[in-house]
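# Commentary on secondary and tertiary structure
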Amino acid sequence: MIEANTLPRVPARRASSGLTRKLMRQPVGLIAAAVLLLLYAAAFLGPYFYTTSPTLTDALHTTADSSAQHPLGTDELGRDVLARLLSGGRITLLISIVSMLVALSVGSVVGALAGFYRGLTETVLMRLVDTFMAIPSFFLILAAISVLGNSPPVVVIVVGLGFWPQVARIVHAEVSKFRNYEFVDAGRALGASNNRLIWRHVFPQALPAAAVLTTLGIAWSILTETGLSYLGLGIQPPLASWGNMLQNAQTYFWTKPVLALYPGLLIAVAVLCFNLLGNLLRDLIDPRSR
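Structural notes, computed from the coordinates.

### Focus: the overall build of the chain
A tally of helices and strands in the chain yields 11 helices and zero strands. Going through the 290 residues of the chain one by one, you find that 38% of them count as buried. Considering only residue pairs separated by 6 or more positions, the chain has 72% of its internal contacts joining residues 24 or more positions apart. Just so you have it, the chain exposes about 15,800 Å², and 67% of that area is on carbon and sulfur atoms.

Written as structure tokens, this is what we have:
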């Protein structure tokens, strides 16, 4: 019998060097990750260094140009544009992350249960998923907000529940594949309960694919939240978000276009970077790229 300590081992340095080579082949994804890191650092740490109030109005200096006091100028009410971009970025980016955690939680539970138990449980849960996917999510979100209100917690939950069917489908597909593997039969033979098999052994196999989809979903949630705020149904003043900054700037588009340019550019950059980051994660976990 060959002892365990005589078996050949793959050096950790070789595995890490392989990961490094794969990262080096994705420079665009690395740049996107760095840009996102800068955006989050600016949104969450910037207000501690740039202490100008984002809600303080100045009727004597409306739509002012850049100055030492206001580096990006002021908006239609004399509020500092840079301060509102930082404050609005914190709200928009935080809502996008938390809403995707809601979608990941709900979708993972539904998809894992449907994929593991099969039979009637799978039929009922997946038909529920199909029903929600048949309804355009944005209109469903609009209907929910019109009934429940548009406070920030409601916006987070509603946006998250608009994406959970996509998460449920990918988790269902992954769990359905791994539930037939031998390690599940071995765990069942050793007396492991179904809950332990699902959440300790099978569901972790589905997390990489779900993480990639969630990364792309964050970009979707940014667009959804900013769209709601642009329509006046999302975050309400005096709170700032990139969406309601666009709404306020539309009246001054021809006289002061930078009021719309700044938040619009940040939305586009954040969405693009999250999509590129999703592509990077997909390539890293795709076995065909090894």
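Next comes the rest of the write-up.
### A look at the packing of helix 9 (residues 194–230) against helix 11 (residues 258–285)
Where helix 9 contacts helix 11, the two axes come as close as 8 Å, and the packing angle between them is 170°. Relative to helix 11, helix 9 is oriented roughly antiparallel. Seen from helix 9, the contacting residues are Pro208, Ala209, Val212, Thr215, Leu216, Ile218, Ala219, Ile222, Leu223 and Thr226; seen from helix 11, they are Ile267, Ala270, Val271, Phe274, Asn275, Leu277, Gly278, Leu281, Arg282 and Ile285. For the contact of helix 9 with helix 11, a count of residues per class yields 15 nonpolar, four polar and one charged.

### Looking at the side chain of Thr92
In this structure, Thr92 sits in helix 3 (residues 81–117). The class for Thr92 is buried, based on a relative accessible area of 0%. Here the side chain of Thr92 touches Glu225 through a polar contact of 3.3 Å, side chain to side chain. Those residues in contact with Thr92 that lie beyond four places of it in its chain are Ile222, Glu225, Thr226, Ser241 and Trp242.

### Some points on empty space enclosed by the protein
Within this structure, the stated rule accounts for one cavity of 30 Å³ or more. Estimated volume of the largest cavity: approximately 70 Å³. Counting only elements with at least two residues in the lining of the largest cavity, the list comes to helix 3 and helix 10 (242–249). Here the lining of the largest cavity takes three residues from helix 10, the largest share from any one element. Split into classes, the residues belonging to the lining of the largest cavity amount to four nonpolar, one polar and four charged.

### Things to note about a nonpolar patch on the surface
Judged by side-chain polarity, Leu45, Tyr48 and Phe49 come together as a nonpolar surface patch covering roughly 430 Å² of accessible area. Along the chain, Tyr48 falls in helix 2 (residues 27–49).

### A few points about the nonpolar core
Formed by 47 residues in total, the largest nonpolar core has its most connected members in Leu93, Phe116, Val171, Val175, Ile222, Trp242 and Phe274. Where this core is concerned, the elements lending two or more residues are helix 2, helix 3, helix 4 (119–134), helix 7 (164–178), helix 9, helix 10 and helix 11. In terms of residues, this core owes the most to one element, helix 11, which gives 10 residues. Ignoring sequence-local partners within four residues, the contact set of Leu93 consists of Leu39, Tyr40, Ala43, Ile222 and Trp242. Of all hydrophobic cores here, the second largest spans 11 residues; its members include Ile95, Ile141, Val159 and Leu228.

### Notes on the packing of helix 3 against helix 10
Contact geometry for helix 3 and helix 10: axes closest at 8 Å, N-to-C directions at 135°. Considering their axes alone, helix 3 and helix 10 lie oblique with respect to each other. The residues of helix 10 that touch helix 3, namely those facing Val81, Arg84, Leu85, Gly88, Gly89, Thr92 and Leu93, are Trp242, Asn244, Met245 and Asn248. Counted by class, the contact of helix 3 with helix 10 contains five nonpolar, five polar and one charged residues.

### Quick word on the pattern of salt bridges
Working definition: two side chains of opposite charge can pair if their charged atoms are close together. As enumerated under the stated definition, the model contains seven salt bridges in all. Between Arg79 and Asp75 there is a salt bridge whose closest N-O contact spans 2.8 Å. Residue Arg79 shares its accessibility class with Asp75, and that shared class is buried. Connected through shared salt-bridge partners, Asp75, Glu76, Arg79 and Arg84 make up one network.

### Focus: the environment of Leu197
Mapping Leu197 onto the fold places it in helix 9. A C-alpha to C-alpha distance of 8.8 Å links Leu197 and Arg179, two positions 18 residues apart in sequence. Look past the residues within four positions of Leu197 in its chain and what remains in contact with it is Phe116, Val184, Gly187, Arg188, Ala192 and Val202.

So, how was this worked out
- Residues numbered from 1 in each chain as written.
- Predicted model: local features only at pLDDT ≥ 70, side-chain atom pairs only at ≥ 80, totals over all residues.
- Heavy atoms only, no water.
- Helix = DSSP H or I, 4+ residues; strand = E, 2+ residues; numbered from the N terminus.
- Buried < 20%, exposed > 50% of the residue type's maximum accessible area, 1.4 Å probe, protein only.
- Contact = heavy atoms within 4.5 Å.
- Areas by Shrake-Rupley, 256 points an atom, 1.4 Å probe, with all protein chains shown as cover.
- Axes fitted to C-alpha atoms, helices over the stretch in contact; angles between N-to-C directions.
- Parallel < 35°, antiparallel > 145°, perpendicular 65-115°, else oblique.
- Nonpolar A, V, L, I, M, F, W, Y, C, P; charged D, E, K, R; others polar.
- Polar contact = N/O pair within 3.5 Å; in protein donor to acceptor, adjacent residues only side chain to side chain.
- 1 Å grid on protein atoms, 1.4 Å probe; cavity = no way out; pocket = protein on both sides within 12 Å on 5 of 7 lines; lining within 4 Å.
- Points joined across faces, edges and corners; volume = space filled by probe spheres on them.
- Patch = residues over 30% accessible without salt bridge, like charges linked within 9 Å, V, L, I, M, F, W, Y side chains within 5 Å.
- Salt bridge = Lys/Arg side-chain N within 4 Å of Asp/Glu carboxyl O.
- Core = buried A, V, L, I, M, F, W, Y, C linked by side-chain atoms within 4.5 Å.

On their own, these measurements won't tell you what the molecule is for.
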